[in-house]
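Okay, here's what each chain looks like letter by letter:
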Amino acid sequence: STQVQTVEDQIRVHALKKGLRLDDPFKDFDPLRSLHVSPTQFQRVLNLYSCPLTQPEISLLISTYQDLLPKSDHVNYRAFCDSVNTAFTEKELEKSPTKRLRDTQHLLASTAVPASAAPLSPRSQAVFDELLASLRQYARAHSLTATIRATFHDHDRHNNHHITPAQFCQSLPFPHLTELQTRLLVRRYTDRTPADGVNYYTFVDDVCPADAVAPQVGDQPRGTSPAPPSSPSAPAGAALSEEAVLDKVRAIALKRRVRLLPFFRDFDRLRSGICLPEHLRSALTLAQVELTAPELDLLTRRYATDDGRLHYAPFCDAVDEVFAPVAMEKTPTRSFVPPTHLLSPQR
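All values derive from a computational prediction rather than experimental measurement.

Caption draft 1: Representation of the overall build of the chain in the model. Scanning the chain from N- to C-terminus turns up 16 helices and six strands. Counting across all 347 residues of the chain, residues that qualify as buried make up 41%. In the chain, the proportion of contacts linking residues at least 24 apart, taken out of those at least 6 apart, comes to 69%. Of the roughly 19,800 Å² of accessible surface on the chain, 54% is carried by carbon and sulfur atoms.

Right, here's the structure in full:
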């Protein structure tokens, strides 16, 4: 029935988010492998995995799968698990390898509209709408559409479109956000309970809608606040040089006393010193280092690896020379003068 389907969809969503399979705990209550358990055992397994069901919904499932076994009050858990596991794959798929699998993304999308633990007040909703409009404008102006989702997905180990609030705040590529604005975003996109995490997938879809078109010069609506200014670019007609771009990054790092290596390591769990090219913009944005597209392309080409990735370790070493020479512990008597000329107003 439709009601049973709705209840099972709730379990499928829970299983997808947590990466759970219900078969094994049922087998613990079925030593003879009869594929049936008592109603009490059936409910105990659902409670064990914290399935978000009410008592009437559990009773509905028990009555549904009891009907599959006449003259018995036991529940056919095998049929129940086969139905729930369609969220991952189909049974006996090897017999029909060309069969089209059920699209389960719509199940996650059904929970995409965050049922916040505390709904926003009318005033907070108005502030949120204004903030979202400014984030969309910033994302278009800084070409974040292609990279913003990957920034969050690096923290999504279970691929369930949810990350912790701390990971969400760390991955936000908007350096102009205040603490209050960040907390408002966390509150808006937290699903049902804080334990579910922040639904970054919905946040990215809201900030970078699929039908968004990059704005042309001069078409900014009147009365809207402009996007945060980017760093000054080279004069028109001036040829970019690698050393000039590096000096620009060094000047920002020296002025703000920021090391770039920790921002890149967020995208390199194996600490290989290599990341994807699109992570260069994400890491620099998180470090509040604004470069133009030609400057980013120049750095990407200089530090590109043979397989098309980015060797960020030597780039960070080159920038960190403003603080101290690399491997200075090997030459402790070496003198070092900070390049304060990078902070001169003429630059």
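Next comes the rest of the write-up.
Caption draft 2: Spotlight on the pattern of salt bridges. Applying the stated criterion across every chain yields a total of 11 salt bridges. Note that glutamate 295 and lysine 248 form a salt bridge whose closest N and O atoms lie 3.0 Å from each other. With a gap of 47 residues between them, glutamate 295 in helix α15 (residues 293-302) and lysine 248 in helix α12 (residues 242-256) connect regions that are remote in the sequence. Lysine 248 shares its class with glutamate 295; the two are buried. Residues participating in the shared-partner salt-bridge network are Glu243, Asp247, Arg250 and Glu321.

Caption draft 3: Quick look at the packing of aromatic side chains. Here the structure, examined in full by the defined rule, presents 17 aromatic pairs. Residues phenylalanine 174 and phenylalanine 203 carry aromatic rings whose centres are separated by 6.5 Å and whose planes lie at 90° to one another, so their mutual orientation is edge-to-face. With phenylalanine 174 in the loop between α9 (165-171) and α10 (179-188) and phenylalanine 203 in helix α11 (residues 200-207), this residue pair connects regions lying 29 residues apart in the sequence. You'll find phenylalanine 174 and phenylalanine 203 in the same group, each marked buried. When the ring of phenylalanine 264 is compared with that of phenylalanine 315, the centres are 6.0 Å apart and the planes differ by 80°; the resulting orientation is edge-to-face. Residue phenylalanine 264 is found in helix α13 (residues 261-265), and its partner phenylalanine 315 is found in helix α16 (residues 312-319); the two are separated by 51 residues along the sequence. You can call phenylalanine 264 buried: its relative accessible area is 0%. Cluster of aromatic residues (ring-pair linked, three or more members): Phe128, Tyr138, Phe152, Phe168, Phe174, Tyr189, Tyr200, Tyr201 and Phe203. Lying over the aromatic face of tyrosine 189, arginine 188 brings its terminal NZ or CZ to 5.3 Å of the ring centre.

Caption draft 4: A look at the packing of helix α7 (residues 122-141) against α11. Where α7 meets α11, the axes come as close as 9 Å, and the angle between the chain directions of the two elements is 75°. As the angle between them shows, α7 and α11 are arranged roughly perpendicular. Counting all contacts with α7, which are made through Leu132, Leu135, Arg136 and Ala139, the residues of α11 involved are Phe203, Asp206 and Val207. Residues that form the contact of α7 with α11 fall into these classes: five nonpolar, no polar and two charged.

Caption draft 5: Quick peek at the nonpolar core. Grouped together as the largest cluster of nonpolar side chains are 30 residues, with contacts concentrated most on Leu260, Phe264 and Phe315. Those elements that provide at least two residues to this core are α12, α14 (278-286), α15 and α16. For this core, the element with the most residues is α12, which contributes six residues. Among residues more than four places away in sequence, those in contact with phenylalanine 315 are Leu246, Val249, Leu260, Phe264, Leu280, Leu284, Leu299 and Tyr303. Counting 25 residues, the second-largest nonpolar core is a separate cluster that includes Leu131, Ala139, Ile148 and Ile163.

Caption draft 6: Inspection of the packing of α14 against α15 at higher detail. At a closest axis distance of 10 Å, the pairing of α14 and α15 adopts a crossing angle of 120°. Taken as axis vectors, α14 and α15 run oblique relative to one another. Note that α14 runs across α15; the crossing there is right-handed. Together, Leu280, Arg281 and Leu284 of α14 and Ala293, Leu296, Leu299 and Thr300 of α15 make up the contact between the two elements.

Caption draft 7: Inspection of α10 at higher detail. Listing the buried residues of α10 in full gives Thr182, Leu184, Leu185, Val186 and Arg188. Those residues of α10 that are buried lie in contact with α7, α9, β4 (198-199) and α11.

Caption draft 8: Main features of α16. Taken together, the buried positions of α16 are occupied by Tyr312, Phe315, Cys316, Ala318 and Val319. Seen along its axis, α16 keeps its buried residues to an arc of 160°; they face one direction. The inward-facing, buried residues of α16 contact α12, α13, β5 (274-275), α14, α15 and β6 (310-311).

Rules used throughout
Residues numbered from 1 in each chain as written. Predicted model: local features only at pLDDT ≥ 70, side-chain atom pairs only at ≥ 80, totals over all residues. Heavy atoms only, no water. Helix = DSSP H or I, 4+ residues; strand = E, 2+ residues; numbered from the N terminus. Buried < 20%, exposed > 50% of the residue type's maximum accessible area, 1.4 Å probe, protein only. Contact = heavy atoms within 4.5 Å. Areas by Shrake-Rupley, 256 points an atom, 1.4 Å probe, with all protein chains shown as cover. Salt bridge = Lys/Arg side-chain N within 4 Å of Asp/Glu carboxyl O. Phe/Tyr/Trp six-rings, centres within 6.5 Å; stacked < 30°, edge-to-face > 60°. Lys NZ or Arg CZ within 6 Å of the ring centre and 35° of its normal. Axes fitted to C-alpha atoms, helices over the stretch in contact; angles between N-to-C directions. Parallel < 35°, antiparallel > 145°, perpendicular 65-115°, else oblique. Nonpolar A, V, L, I, M, F, W, Y, C, P; charged D, E, K, R; others polar. Core = buried A, V, L, I, M, F, W, Y, C linked by side-chain atoms within 4.5 Å. Left-handed = near helix turned anticlockwise from the far one by under 90°. Arc of directions from axis to C-beta.

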